[in-house]
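Coordinates in review
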Amino acid sequence: MTCLLPALSGANTIYGAGMLELGMTFSMEQLVIDNDIIKMVKKAMQGIPVSTETLAVDSIQKVGIGNNFLALKQTRLLVNYPSDPMIIDRRMYGDWAASGSKDLAAVANEKVTDILKHHEVPPIDADILKDMQAIVDRADRAFKES
């Protein structure tokens with residue numbers, strides 16, 4: 001699995017997404033899982049804004065110290081704020097089991113299958129293609145001249 005320690009230290013390059021067996025094997029499912037983890041780490045690195053809403057002081061006072069504030073609407077609205085994963089399932093066990101108990105690998109496989117079936121690469125603008133071709137042509141000429 002991808003090492004995220006460099007990301008938490010402020011590095012802006014994460015290496016190894018999708019790799020298994022020290023990079024000898026690549027898994028599209030692992031890439032989808034790693035993408036979810038990387039997205040969550042990047043979100044955490046942005047920090048959590050401190051505001052009246054995120055502090056939830058009124059809710060804490062309403063519920064009281066030592067009591068359960070997880071059922072409050074405000075808590076439910078903010079629970080995914082720090083990360084908001086795409087495929088990692090945070091439902092309670094009973095809800096997860098009732099919906100088919102798919103493990104993370106199965107969900108990742110479904111996502112890979114969906115991407116391969118439905119993803120469309122937007123075409124590159126003609127002007128950009130023209131500029132890219134000019135760069136290639138210059139490089140070809142420079143190579144032939146050397």
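Data block above holds the structure.
None of these values were measured; they are calculated from a predicted model.

1. Some points on the overall build of the protein
The helix and strand inventory of the protein stands at 8 helices and 2 strands. If you list the helices and strands of the protein from N to C, you get α-β-β-α-α-α-α-α-α-α. The C-alpha atoms of the protein give 23 Å as radius of gyration, which overshoots the globular expectation for 146 residues (15 Å, by more than 25%). Overall, the C-alpha framework of the protein stretches about 80 × 40 × 35 Å when taken along its three principal axes. Looking at the protein residue by residue over its 146 residues, the buried ones come to 18%. Taking contacts inside the protein between residues at least 6 apart in sequence as the whole, the part at least 24 apart equals 52%. Approximately 11500 Å² of the protein is accessible, and the part contributed by carbon and sulfur atoms is 61%.

2. Structural notes on the pattern of salt bridges
Considering all chains together, one arrives at 2 salt bridges under this definition. A salt bridge links R91 to D89; the nearest nitrogen and oxygen atoms lie 2.5 Å apart. D89 sits in the partly exposed class, given a relative accessible area of 37%. With its nearest N and O atoms 2.9 Å apart, the salt bridge here joins E110 to K102.

3. Observations concerning unusual backbone geometry
It is generally the case that most residues other than glycine have a negative phi and that most peptide bonds are trans. If you check the backbone angles, E21 has positive phi at about 50 degrees while not being a glycine. Structurally, E21 can be placed in the loop between strand 1 (19–20) and strand 2 (25–26). By relative accessible area, which is 58% here, E21 ends up exposed. Here S101, not a glycine, exhibits a phi torsion of approximately 50 degrees, which is positive. Within the secondary structure, S101 sits in the loop between helix 6 (93–98) and helix 7 (104–118). Judged by its relative accessible area of 36%, S101 falls in the partly exposed class.

4. Details of the layout of surface pockets
Roughly 270 Å³ of volume is contained in the largest pocket. Along the wall of the largest pocket there are 11 residues; nearest its centre are R76, V79, R90, R91 and M92. Classifying every residue of the lining of the largest pocket by side-chain character gives 5 nonpolar, 2 polar and 4 charged. Considering only enclosed or pocket space, the second largest pocket measures out at about 210 Å³ in volume. For the second largest pocket, the lining is made up of 14 residues, of which T54, A56, Q74, T75 and L78 are closest to its centre.

5. Focus on the nonpolar core
Core analysis: the biggest nonpolar cluster contains 8 residues, these being V32, I33, I37, M40, V41, I87, A108 and V112. Where this core is concerned, the elements lending two or more residues are helix 2 (28–45) and helix 7. Looking at which element gives the most residues to this core, the answer is helix 2, with 5 residues.

What counts, and at which threshold
Residues numbered from 1 in each chain as written. Predicted model: local features only at pLDDT ≥ 70, side-chain atom pairs only at ≥ 80, totals over all residues. Heavy atoms only, no water. Helix = DSSP H or I, 4+ residues; strand = E, 2+ residues; numbered from the N terminus. Rg over C-alpha atoms; globule rule 2.2 N^0.38 Å. Buried < 20%, exposed > 50% of the residue type's maximum accessible area, 1.4 Å probe, protein only. Contact = heavy atoms within 4.5 Å. Areas by Shrake-Rupley, 256 points an atom, 1.4 Å probe, with all protein chains shown as cover. Salt bridge = Lys/Arg side-chain N within 4 Å of Asp/Glu carboxyl O. 1 Å grid on protein atoms, 1.4 Å probe; cavity = no way out; pocket = protein on both sides within 12 Å on 5 of 7 lines; lining within 4 Å. Points joined across faces, edges and corners; volume = space filled by probe spheres on them. Nonpolar A, V, L, I, M, F, W, Y, C, P; charged D, E, K, R; others polar. Core = buried A, V, L, I, M, F, W, Y, C linked by side-chain atoms within 4.5 Å.

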